[in-house]
Amino acid sequence: MNYFEFVNRTKLIAGVDVLDQLDFECEQYGISKAMLITDQTLVKIKTIDLVTKKLTIPYIIYSDIPVDSSTYVIEDIVKTYKENDCNGIIAVGGGSVIDSAKGAFLMISQRTSHFEDIVGFEILKKVDEIPMSLS
């Protein structure tokens, strides 16, 4: 199988040359300026370049994700996202990157700047849809 898509609340796209779909996916989700969330290792070994070479919309890269992330990092991601007028998240990396991106996604979608505001997530109300892709 060279290509497949699975759509549930989360959309999974995988296969040969899958990054060729990146601009299309951004367009489908209305992303006009993306925040790429990654870590310094993936920047250093140029893995993030595989994504940025395919992305034609404006973007910023947030790569200060430590091995063990924290609420302070997540709050900084949100601050940077807002300061740069981003409207979508693309996470490229492993557990800490993806967990940080999910935390930022929750904070942005709930319009909060403090992680403590989303503690007890079972009471959260749907406020904003924020496009997010995890790689």
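For the structure itself, consult the block above.
Residue numbers here run from 1 along each chain, matching the order of that chain's written sequence. Only residues with pLDDT of 70 or above have their local features reported here, since the model is predicted, and side-chain atom pairs are shown and tallied only from 80 upward, although totals for entire chains, interfaces and linings are computed over all residues. Note that water and hydrogens are dropped before the side-chain values are worked out from all heavy atoms of the structure.

Caption draft 1: Spotlight on the overall build of the protein. Secondary structure elements are taken from DSSP: a helix is a run of H or I of four residues or more, a strand is a run of E of two residues or more, and numbering for both begins at the N terminus. Each helix and strand in the protein was counted, giving five helices and six strands. For the protein, with 135 residues in total, the buried portion stands at 36%. Carbon together with sulfur atoms contributes 55% to the accessible area of the protein, which is approximately 8,300 Å² in total. Only protein chains enter the accessibility calculation, which uses a 1.4 Å probe; a residue is then buried when its area is under 20% of its type maximum, exposed when over 50%, and partly exposed in between. Areas reported as accessible are Shrake-Rupley estimates using a 1.4 Å probe. Residue values count occlusion only from the protein chains shown.

Caption draft 2: Looking closely at the pairing of strand S5 (residues 88-91). Residues Gly-88 and Ile-90 line one face of S5 and the alternating positions Ile-89 and Ala-91 line the opposite face, and both faces are buried. For two strands to be treated as a pair, DSSP must find at least two bridges joining them. Both strand S3 (residues 34-37) and S5 contribute to a ladder of four bridges, which runs parallel. Within S5, the position partnered with Ala-34 by the bridge is Gly-88.

Caption draft 3: Seen up close, the pattern of salt bridges. Between Lys or Arg on one side and Asp or Glu on the other, a salt bridge is scored when a side-chain nitrogen of the former is within 4 Å of a carboxyl oxygen of the latter. Tallied over the entire structure, the rule returns three salt bridges. Between Lys-54 and Asp-20 there is a salt bridge whose closest N-O contact spans 2.6 Å. One end of the pair, Lys-54, is in the loop between helix H3 (47-52) and strand S4 (59-62); the other, Asp-20, is in the loop between strand S2 (11-15) and helix H1 (22-28), with 34 residues separating them in the sequence. Of the residues examined, Asp-20 reaches a relative accessible area of 45% and is grouped as partly exposed. Of the charged contacts, one joins Lys-102 and Asp-99 as a salt bridge, the two residues approaching to 3.5 Å between their closest N and O atoms. Of the two residues, Lys-102 and Asp-99 both sit in helix H5 (residues 95-109), three residues apart, roughly one turn of that helix. Given a relative accessible area of 39%, Lys-102 falls into the partly exposed group. Take Asp-99: its relative accessible area is 48%, and that puts it in the partly exposed class.

Structural measurements only, silent on function.
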